[in-house]
Amino acid sequence: MTLDTSLRAAACAGVCCLSFSMAVLAQTPSTGGAAPAAATAGALSAADRKFVEDAAAGGMAEVEMGRMAEQKASNAQVRQYGARMVQDHGKANAELKSLAAAKSVNLPTALPAPHKEHADRLGKLSGADFDRAYMKHMVDDHRATIAKFEKQSQTGADADLKAWAGKTLPTLRDHLQQAQTAHASVNPGQ
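Residues numbered from 1 in each chain as written. Predicted model: local features only at pLDDT ≥ 70, side-chain atom pairs only at ≥ 80, totals over all residues. Heavy atoms only, no water.

### Quick word on the pattern of salt bridges
Going by this rule: We define a salt bridge as a side-chain nitrogen of Lys or Arg found within 4 Å of a carboxyl oxygen belonging to Asp or Glu. Secondary structure elements follow DSSP: runs of H or I of four or more residues count as helices, runs of E of two or more count as strands, with numbering from the N terminus. Throughout this description, buried means an accessible area under 20% of the type-specific maximum (1.4 Å probe, protein chains only), exposed means over 50%, and partly exposed covers the range between.
Scanning the model with the defined rule gives 10 salt bridges in all. Here Lys50 ties to Asp54 by a salt bridge, and the two come within 2.8 Å at their closest N and O atoms. Here Asp54 and Lys50 lie together in helix H3 (residues 46-72), a separation of four residues that amounts to about one turn. Asp54 gets classed as partly exposed once you look at its relative accessible area, which sits at 29%. A salt bridge links Arg132 to Asp129; its shortest N-O distance comes to 2.7 Å. Separated by three residues within a single helix, Arg132 and Asp129 lie in helix H6 (residues 127-155), roughly one turn from each other. Its relative accessible area of 33% is what places Arg132 among the partly exposed residues. Because the salt bridges share partners, they merge into one network encompassing Arg84, Asp88 and Asp174.

### Points about the confidence of the model for the protein
Here is the rule: Scored from 0 to 100, pLDDT reflects the predictor's confidence in each residue. Contacts are assigned to residue pairs with any non-hydrogen atoms lying within 4.5 Å of each other.
In the predicted model, the protein carries a mean pLDDT of 83, and 77% of its residues have values of at least 70. Note on residues 1-41: pLDDT is under 50 here. Beyond four places in sequence and across chains, it has six contacts.

### Topic: the nonpolar core
Quick reminder of the rule: As used here, the term nonpolar core means buried Ala, Val, Leu, Ile, Met, Phe, Trp, Tyr and Cys residues forming a set that is joined through side-chain atoms within 4.5 Å.
If you look at the biggest cluster of nonpolar residues, it comprises 37 residues, and the most contacted ones within it are Tyr134, Met135, Phe149 and Trp164. Elements with a contribution of two residues or more to this core: H3, helix H4 (76-102), helix H5 (113-123), H6 and helix H7 (159-186). Looking at this core, the element that brings in the most residues is H7, giving nine residues. Met135 has contacts with Val78, Tyr81, Ala179, Ala182, His183 and Val186, leaving out every residue within four places of it along the chain.

### Looking at the packing of aromatic side chains
To keep it simple, the criterion reads: Classification of ring pairs uses Phe, Tyr and Trp, with its six-membered ring standing for Trp, and accepts pairs whose centres are within 6.5 Å; under 30 degrees between planes counts as stacked, over 60 as edge-to-face, and the remaining range as tilted.
All chains considered together, the criterion is met by five aromatic pairs. Ring geometry for Phe51 against Phe149: centres 5.0 Å apart, planes inclined by 70°, an arrangement best described as edge-to-face. A residue pair is termed long-range when its members are at least 10 positions apart, and Phe51 in helix H3 and Phe149 in helix H6 qualify at 98 residues. Seen from their ring centres, Phe51 and Trp164 are 6.3 Å apart, and the 65° between their planes marks the pair as edge-to-face. You can see Phe51 sitting in helix H3 and its partner Trp164 sitting in helix H7, a full 113 residues away along the chain. Take Phe51: its relative accessible area is 8%, and that puts it in the buried class. Members of the aromatic cluster, connected to one another through ring pairs, are Phe51, Phe149 and Trp164.

What follows is the structure in structure tokens.
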């Protein structure tokens, strides 16, 4: 092989490598100068991470207290509401768990202290006393939860979480409406 042939072969190999690299880069989605998408896919802002953790804790509490309502409530409407909380928040919790895994967020496995304390207080009640306390908590809790989900759906940094919060809002609003109706039925005259 002559020097001229060797140089041509080396140049051709260089052009082929450069062409392959350019083809790979052309197929890789642009991240606008940021780190590659795979490296940042799981990264969340502190506010988004807090939303995920709070939503998970609240969802767990809704399911646990809903189960209590199914067992302890004396009012049929309150028992039905509890069953709906178990079903709807169980489904939302599963969706959030999947989202959290994709975003590398560890969710709580037990109720955080404020939720546990409230569940413990409810657990000591029964009958009409349980019905009144549970439905008051559901009204107050769903008002606060809706405000958090509205904020996340409007100002959250992560598009997937914004979409999930927005998709979940109609159900939460329906829960609030039902909670207000049930609360009025167990608190006549208020």
